[in-house]
Amino acid sequence: MDNPDMKTLRNSHIFGILSCAFCLPLVVSFEKVTIPAELKSAVVKIVVNATSCSVTCGPGFKLEEMCEMTPTGERRNCTLRRSNCLTSWVCGLLHFTVPVGKPFQLSCLTSDAGSSGSRAYSYTWRLAQGLITTNDVLFKPFNNPDSVVKFSPTRESDAGTYRCDVQMMKTLKVIKRVYFGVRVMQKNLMDLNFQKFLTWEQKLAANEEEGNTENSTDEEVQEQQYFWRGQLFYECLIGVVSGALGGLLVSMALYFLQKVVGRRAAKKRTAI
């Protein structure tokens, strides 16, 4: 009686021999194929360069450089074209803090993606009211067929997390999912005018980073003058105080030194 392992090994050898037998004519036949002269002189149009996608998630676009490539590798008749791209469909959670009564809106698509054919997409919104979360179990349907949700005005009951799914109309494939965490606060509890609470040094540093040093207002110029005047006053005051303390210390040192020298001289006189 044959060993099952030996039978399996024998079958594998037979299968390998048959595979080689079938492949050998194909290889031989391919060697005999001749390429027509028309194909040898054919010119193809390919992408030779491309930019990165305009967005890190969801539908975006990129610019591609298309060139005709000759058989000798020469590029000619190059043109630029705009094509759609998709890096990742998950966009994560975006946070917003809105005062009560202020108009506000959430948009599922960027302006570039929306202008390139928003009718090709469908939108599904869901809401986790009063919560900032990405747990999909906590979301309930939110009736809004558009890509934008508008709050005019914003109410405290609008707080929560809004989830938007963007789908292709033809394939129903989800190409973007984004969460918007919205906090709504009373106006007397928040003040988003951060510029007002900056010191003059912080404002100057911010203007230098943004390159707006030439566009300083009269108020900022006055603050600058007051700042330097104050700095000069404090520097002069510190210099006077330091000089007075230093003179006092030197005088005290000389006084004690003179006293010690006088005592030694008096002792020598009495000893004589």
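What you are looking at is a predicted structure, and each value in this text was computed from that prediction instead of being measured. All residue numbers here refer to positions counted from 1 along the written sequence of the relevant chain. Per-residue local features are limited, in this predicted model, to residues with pLDDT of at least 70; the limit for side-chain atom pairs, both in listing and counting, is 80 or more; totals at the level of whole chains, interfaces and linings are taken over all residues. Note: side-chain values were computed over all heavy atoms of the structure, leaving out hydrogens and water.

Trainee: Run through the environment of F104, naming residues and quoting values.
Mentor: The residue F104 is located in strand 5 (residues 104–107) in this model. Any pair of residues with heavy atoms lying within 4.5 Å of one another is described as a contacting pair. Every residue in contact with F104, bar those within four places of it in the chain, is listed here: F96, V98, V149, K150, F151 and T154. Note on conventions: DSSP H or I runs of at least 4 residues are helices, E runs of at least 2 residues are strands, and numbering of each starts at the N terminus.

Trainee: Would you mind going over the packing of aromatic side chains in detail, with residue names and values included?
Mentor: Stacked, tilted and edge-to-face pairs are distinguished by plane angle, under 30 degrees for stacked and over 60 for edge-to-face with tilted covering the rest, among Phe, Tyr and Trp rings (Trp via its six-membered ring) whose centres lie within 6.5 Å. Scanning all chains against the criterion turns up eight aromatic pairs. Centroid distance F151 to Y162: 5.5 Å. Interplanar angle 65 degrees. Geometry classified as edge-to-face. Of this pair, F151 sits in strand 8 (residues 148–151) while Y162 is found in strand 9 (residues 160–168), placing the two residues eleven residues apart along the sequence. In this structure F151 comes out as buried when scored by relative accessible area, which is 7%. Aromatic pair Y255 and F256: ring centres 5.6 Å apart, planes at 70 degrees, arrangement edge-to-face. Accessibility expressed as a relative area gives 47% for Y255, which makes it partly exposed. Two thresholds decide whether a charge sits over a ring: the Lys NZ or Arg CZ must be within 6 Å of the ring centre and within 35 degrees of the ring normal. Sitting over the ring of F61, R82 keeps its end group 3.7 Å from the ring centre. Its guanidinium or amino end placed over the ring of F139, R163 lies 5.9 Å from that ring's centre, counting from NZ or CZ. Three labels apply to residues, based on accessible area from a 1.4 Å probe with only protein chains included: buried if under 20% of the type maximum, exposed if over 50%, partly exposed otherwise in between.

Trainee: Before we move on, could you go through the sheet that holds strand 3 (residues 75–86) and cite the residues and values that matter?
Mentor: A sheet is described by the order of its strands in space; here three strands give the open sequence 1-2-3, paired in antiparallel fashion. Both edges of this open sheet fall to strand 1 (44–50) and strand 3, since each of them pairs with a single strand only. The sheet shows a mean angle of 35 degrees between the axes of neighbouring strands, taken without regard to direction. Relative to strand 3, strand 2 (residues 59–69) is paired through ten bridges, and the arrangement is antiparallel. Pairing of E65 across the sheet is with L80, part of strand 3. Between any two strands, pairing holds if DSSP finds at least two bridges. Helix axes are fitted only over the stretch in contact, all axes being lines through C-alpha atoms; the angle between N-to-C directions runs from 0 to 180 degrees.

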